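# Descriptive analysis of the structure
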Amino acid sequence: MIKFRYICIQLILLCSVFTGVFGENDVKVDIFIKSYYEDFKWLAYCVQSIEKFVKNVNKVIIVIPTKDAKRFHIQLSPKFELHKKVESGRGYLFQQYVKLTAHHYSNADYIMFVDSDCIFLRETDLLELVKGGKSTMLMTKYSEILRNNDQCYVWKAPTEKVFNTEVEYEFMRTSFLIYKKSTLQNFEKWFPYDLKEYILSQVHFSEYNVLGAFAYFFERDQYNFVDTQDWTDENPFGKQYWSYSGLTNSEKEEIESFLK
């Protein structure tokens, strides 16, 4: 009996080499995209770039307003999930509420947030981005932002309002942010008000700054926080455009050159 059990254990350990049962290959990463009709032309390119370049994605979750569903004509492979949600209030604020409740749609360990106007430029393995159990979170001191007359200083006061304390850093320093699903769950439990009502009642709100500050205050050891003064990215895997540009011909040509 002992010999049989020993053999079984050895077989399990051998299988784990190939399946990642005890390794990082068992980790799941979802991509979450909140979009709407005006951005569908960007989203079509975003979807193509995910199909072409992204490896080891668990699923890609796309949430759109119910009222825009009839105008959604993008072909999606089985790795994509399309969700329709009835919206209320200002769309700009409501989409931030949807992002902060992305964990309700996901069964993964990590969630990467991607906007419709974000394009992957090269092969990207999502598991490599959470290697060691930590994703990288960039941050810049608000004192530096103020000194540089950066308009992102506007997010300082609304973020401090949420935490009722000074927030030293701005956390919306890059696109393609990856958070642990548990961070979103813990934030929703911690938040002292009705999350939807609070966000929709604000004039200014920044979901990534609030979530970044929460992680920095309460879960700092679970992320690799890096001050932008100590960081450079010489080979970015993605690029974010500006959706309000309307997708110019030059932008189309550039994006299509990446996707050839």
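Summary of the structure given here. This one's a predicted model, so the numbers in the text were calculated from it and none came from an experiment. (Residues numbered from 1 in each chain as written. Predicted model: local features only at pLDDT ≥ 70, side-chain atom pairs only at ≥ 80, totals over all residues. Heavy atoms only, no water.)

The three strands are arranged S9-S8-S11 in an open sheet whose pairing can be described as mixed. This sheet does not close on itself; its edge strands, each paired only once, are strand S9 (169-170) and strand S11 (224-227). Note that strand S8 (residues 136-141) and S11 share four bridges and pair parallel. Bridge assignment links Met137 to a residue of S11, and that residue is Phe225. (Pairing = 2+ DSSP bridges. Helix = DSSP H or I, 4+ residues; strand = E, 2+ residues; numbered from the N terminus.)

This part takes up the sheet that holds strand S3 (residues 60-65). The strand order across the open sheet built from five strands is S4-S3-S1-S5-S10, with neighbouring strands paired in mixed fashion. Edge strands, defined here as strands with exactly one partner in the open sheet, are strand S4 (80-85) and strand S10 (178-180). Taken over all neighbouring pairs, the strand axes of this sheet differ in orientation by 25° on average, direction set aside. Pairing geometry for S3 and S4, over six bridges, is parallel. Residue pairing for S4: Pro65 is matched across the bridge by Lys85. Where helix H3 (residues 91-100) meets the sheet, it contacts strand S1 (29-34), S3, S4 and strand S5 (110-113), and its direction lies at approximately 165° from that of S1. (Axes fitted to C-alpha atoms, helices over the stretch in contact; angles between N-to-C directions. Contact = heavy atoms within 4.5 Å.)

The next subject is unusual backbone geometry. With glycine set apart, most residues show a phi of negative sign, and most peptide bonds adopt trans. Non-glycine residue Asn149 carries a positive phi angle of around 55°. Along the chain, Asn149 falls in the loop between helix H4 (142-147) and helix H5 (156-163). The phi angle at Asn164 is positive, at roughly 55°, despite the residue not being glycine. Structurally, Asn164 is set in the loop between H5 and S9.

As enumerated under the stated definition, the model contains 35 aromatic pairs in all. Plain terms: the ring middles of Trp190 and Phe191 are 6.4 Å apart, the flat faces sit at 65° to each other, and that makes the pair edge-to-face. Of the residues examined, Phe191 reaches a relative accessible area of 6% and is grouped as buried. Across from the ring centre of Tyr37, 3.6 Å away, lies the NZ or CZ of Arg71, which sits over that ring. Above the plane of the ring of Tyr216 lies Arg220, whose end atom (NZ or CZ) is 3.7 Å from the centre. (Phe/Tyr/Trp six-rings, centres within 6.5 Å; stacked < 30°, edge-to-face > 60°. Buried < 20%, exposed > 50% of the residue type's maximum accessible area, 1.4 Å probe, protein only. Lys NZ or Arg CZ within 6 Å of the ring centre and 35° of its normal.)

Close contact between H3 and helix H8 (residues 207-218) brings their axes to 9 Å; oriented N to C, the two are set at 35°. On H8, the residues touching Gln95, Gln96, Lys99 and Leu100 of H3 are Glu207, Tyr208 and Leu211. Considered class by class, the residues forming the contact of H3 with H8 number three nonpolar, two polar and two charged. (Nonpolar A, V, L, I, M, F, W, Y, C, P; charged D, E, K, R; others polar.)

The analysis is restricted to geometry; functional conclusions fall outside its scope.
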